[in-house]
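The chain contents come next:
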Amino acid sequence: MSCSRAAVLLALSLNPFLALAQTLSAPGQPTRSGKTPNTFDVIGSSLVSAQQIFLAGNNKVYFVDKVENNPSKINGHPAWASDWSLSDDKQRPMDIVTNSFCAGGNVMADGTWLNVGGNQAVKENGDAAESQTGGGVYDDPDGRNSIRTLKPCDSGTCDWKIAGAMTTRRWYPTLETLATGDVIILGGCQYGGYVNAASQDNPTVEFYPSRGNPKTSEILATTLPVNLYPLTWLLPSGQLLVQSNWKTVLMDPTSLDEKPLADMVDAVRTYPASAATAMLPLTPANNWTATVIFCGGTNLQSDEWVPAERVIINLPTETSCVRITPDVSPDYEQDDPMLEGRSMVNFIFMPDGKLFLVNGATTGTAGYGLQDWVKGMSYADGPRLTPAIYDPNAAPGSRWNRDGLPASTIPRMYHSSATLLPDGAIFISGSNPNSDFRANNTNYPYPTEYRTELFYPWYYSKRRPQPNGLLQTLSYGGDPFNVYLSADDLSNNVENLNNTKVVIIRTGFSTHNINMGQRFLQLDSTFTGYKNNTGVLHVSQLPPNPNILAPGPAHIFVTVNGVPSVGMQVMIGSGKVEKQVPKPIGSLPDSVLVVDASSSSSSHGNSAQSTRSTSITSLFSFGLLALLSSRLL
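Heads up: these notes are all about the structure in this document.

Reading guide: rules and limits
Residues numbered from 1 in each chain as written. Predicted model: local features only at pLDDT ≥ 70, side-chain atom pairs only at ≥ 80, totals over all residues. Heavy atoms only, no water. Helix = DSSP H or I, 4+ residues; strand = E, 2+ residues; numbered from the N terminus. Rg over C-alpha atoms; globule rule 2.2 N^0.38 Å. Buried < 20%, exposed > 50% of the residue type's maximum accessible area, 1.4 Å probe, protein only. Contact = heavy atoms within 4.5 Å. Phe/Tyr/Trp six-rings, centres within 6.5 Å; stacked < 30°, edge-to-face > 60°. Pairing = 2+ DSSP bridges.

**Focus on the overall build of the chain**
Now for step 1: Within the chain, the secondary structure is distributed over three helices and 45 strands.
Now for step 2: Relative to its length of 633 residues, the chain is compact, with a C-alpha radius of gyration of 25 Å against a globular reference of 26 Å.
Now for step 3: Its C-alpha atoms give the chain principal-axis dimensions of roughly 80 × 50 × 50 Å.
Now for step 4: Taking all 633 residues of the chain together, the buried fraction comes to 61%.
Now for step 5: Of all intrachain contacts in the chain linking residues separated by at least 6 positions in sequence, the fraction that spans at least 24 positions is 65%.

As structure tokens, then:
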């Protein structure tokens with residue numbers, strides 16, 4: 001038996017769980033080489049317009065559009081869904097069957113993606129089709145009750161399926177994944193339109209898989225007409241934060257009881273004001289406490305959303321940003337305002353913990369129509385072409401910057417979307433404030449947009465860490481695991497371990513400037529560094545609370561001085577729609593920089609007096625030899 005193999009067996013005998021953990025292959029470098037940081041790059045034209053997009057796995061972005069006359073065809077009719085392979089930029093049309101116009105989406109614990117609700121069957125220009133069951137020029141059955149599912153695949157053979165029907169019609173619903181891995185579906189309307197109305201309102205909540213008949217929500221029933229796509233987040237407390245028009249509540253996802261919080265301030269943030277929104281990073285430093293930020297939107301009262309009486313396209317957009325920490329306080333707090341007003345704007349997490357702000361307009365709101373004041377058909381004008389970056393860890397007054405950021409050349413107006421990719425680039429596509437496909441001409445300055453671009457952040461061309469030992473599945477609590485970094489990963493400076501993090505990002509389902517389900521979570525970790533400038537990260541599992549990050553797929557990154565490894569998909573939780581079973585969280589050793597076998601310095605104080613201390617011998621048995629096990633056994 002070789003010495004190395006014997007060492008592995010010794011390590012496994014000292015720590016048997018290492019033999020059971022399945023690890024990911026070490027990530028490589030981005031496949032798009034030679035890219036200039038802080039630039040936009042048009043990488044092709046999509047088959048359908050990107051009204052809705054989401055990242056699934058490590059190589060696919062899925063598109064969902066409304067029914068319209070897209071040039072790409074499938075099964076004898078225009079396509080309104082597709083996938084994009086990131087490795088080669090090849091695409092294929094998909095058949096999503098029913099009209100998915102303004103649907104909602106999210107991912108379940110088993111990795112199944114949902115796309116729920118939509119519009120009636122239509123013909124040219126979005127007019128109602130003669131048949132609501134298919135046929136006609138677009139062959140698009142009514143989608144308002146539809147529950148569509150997709151199990152993503154790399155083979156190019158998977159497609160959308162109709163998994164059933166809701167008992168009510170929903171256009172503009174919100175979906176949020178719960179701690180059990182099923183999904184709550186909130187709100188919507190029956191027939192569509194710019195804003196909602198009592199005659200067509202659906203102020204109810206239901207679940208998939210079903211928990212019974214829909215139940216009325218008080219906040220949705222009392223926030224007309226701007227109660228579509230209610231902004232919703234699962235909180236660590238297990239409550240849901242729901243924000244609609246000017247009202248905010250905590251909703252119990254079991255009883256559906258609601259507790260009022262403070263009213264929104266400065267502006268309406270929900271569609272069609274369409275502010276940028278996100279839950280800020282959940283980290284050990286804030287004890288994984290949820291704070292939600294809202295930036296931009298439109299300051300109108302409930303009786304002022306009437307296009308027949310108001311020139312919507314001339315409305316100013318707001319610069320205001322506010323945040324709320326609802327498990328701690330019911331009140332909103334002012335944050336640094338944006339650098340300029342925007343509506344229809346996306347917040348996208350980058351692996352360094354900052355938020356990339358992109359898309360949107362200077363005046364007006366989401367929506368389109370035929371009034372004499374529209375631009376083409378758009379209710380908004382003045383595209384905001386230059387992105388900005390928000391740093392939640394910066395001091396108040398200095399959280400926004402756009403230093404070195406260029407302007408895109410492509411207006412991203414209503415029906416634009418964006419998502420983070422595994423290589424850390426930002427994928428941006430869409431824009432279609434029109435009732436049907438419209439080419440770019442003087443009559444339609446904001447056409448149906450297919451050009452798709454990437455933004456390469458500051459870190460894109462830097463050498464990426466290539467960590468070994470990342471787990472395929474992460475649990476709620478349980479034993480920690482070790483991740484191994486080479487001297488190259490640490491830029492030949494072991495001190496860089498002091499600024500190395502392991503983060504989980506769920507990129508979410510992007511539509512109407514909401515990324516439903518988007519989350520950023522940093523795992524607790526310590527380290528052991530060696531005089532040859534290599535290191536071992538000792539990494540905790542997720543906190544033992546599935547409300548902090550609902551079960552299902554996400555991507556894991558290791559960042560060194562903010563430079564991320566290429567993200568790899570991992571499964572959070574059991575991989576099943578069921579009650580997750582948290583375990584006690586395993587303890588971590590102190591961080592130490594090892595000089596030699598008999599001398600070390602601790603970055604967390606005297607490790608001999610720490611309850612998280614561990615001997616160098618046990619560090620080796622717990623960690624370094626586990627790497628050999630993944631390579632030799």
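From this point, things continue past the structure.
**Considerations on the packing of aromatic side chains**
Now for step 1: Using the criterion set out here, one finds 28 aromatic pairs in the structure.
Now for step 2: Where phenylalanine 294 meets tyrosine 332, the ring centres are 5.9 Å apart and the plane angle is 70°; that geometry is what we call edge-to-face. You can see phenylalanine 294 sitting in strand β21 (residues 292-295) and its partner tyrosine 332 sitting in strand β23 (residues 332-335), a full 38 residues away along the chain. Residue phenylalanine 294 shares its accessibility class with tyrosine 332, and that shared class is buried.
Now for step 3: Considering the side-chain rings of phenylalanine 437 and tyrosine 450, the 6.1 Å spacing of their centres and the 25° angle between planes classify their relative orientation as stacked. Residue phenylalanine 437 is found in the loop between β31 (426-430) and β32 (451-456), and its partner tyrosine 450 is found in the loop between β31 and β32; the two are separated by 13 residues along the sequence.
Now for step 4: Judged by relative accessible area, phenylalanine 437 falls into the partly exposed class, the value being 28%.
Now for step 5: For tyrosine 450, a relative accessible area of 12% translates into the label buried.
Now for step 6: One aromatic cluster is present, formed by Phe101, Trp171, Tyr172, Tyr229, Tyr271, Tyr368 and Tyr414 through successive ring pairs.

**Overview of the pairing of strand β17 (residues 240-244)**
Looking along a regular strand, one sees the side chains alternate between the two faces of the sheet.
Now for step 1: Most of β17 sits inside the fold, with five of its five residues counted as buried.
Now for step 2: Alternating residues of β17 divide into Leu240, Val242 and Ser244 and Leu241 and Gln243, and every residue in both groups is buried.
Now for step 3: Hairpin geometry of strand β16 (residues 231-234) and β17 is characterised by an intervening segment of five residues between the two adjacent antiparallel strands and by a positive phi of about 95° at glycine 238.
Now for step 4: Note that β17 and strand β18 (residues 247-251) share five bridges and pair antiparallel. Following the sheet pairing, serine 244 is matched in β18 by lysine 247.
Now for step 5: If you look at the hairpin formed by β17 and β18, you'll find two residues sitting between the two strands, and asparagine 245 has a positive phi there, around 55°.

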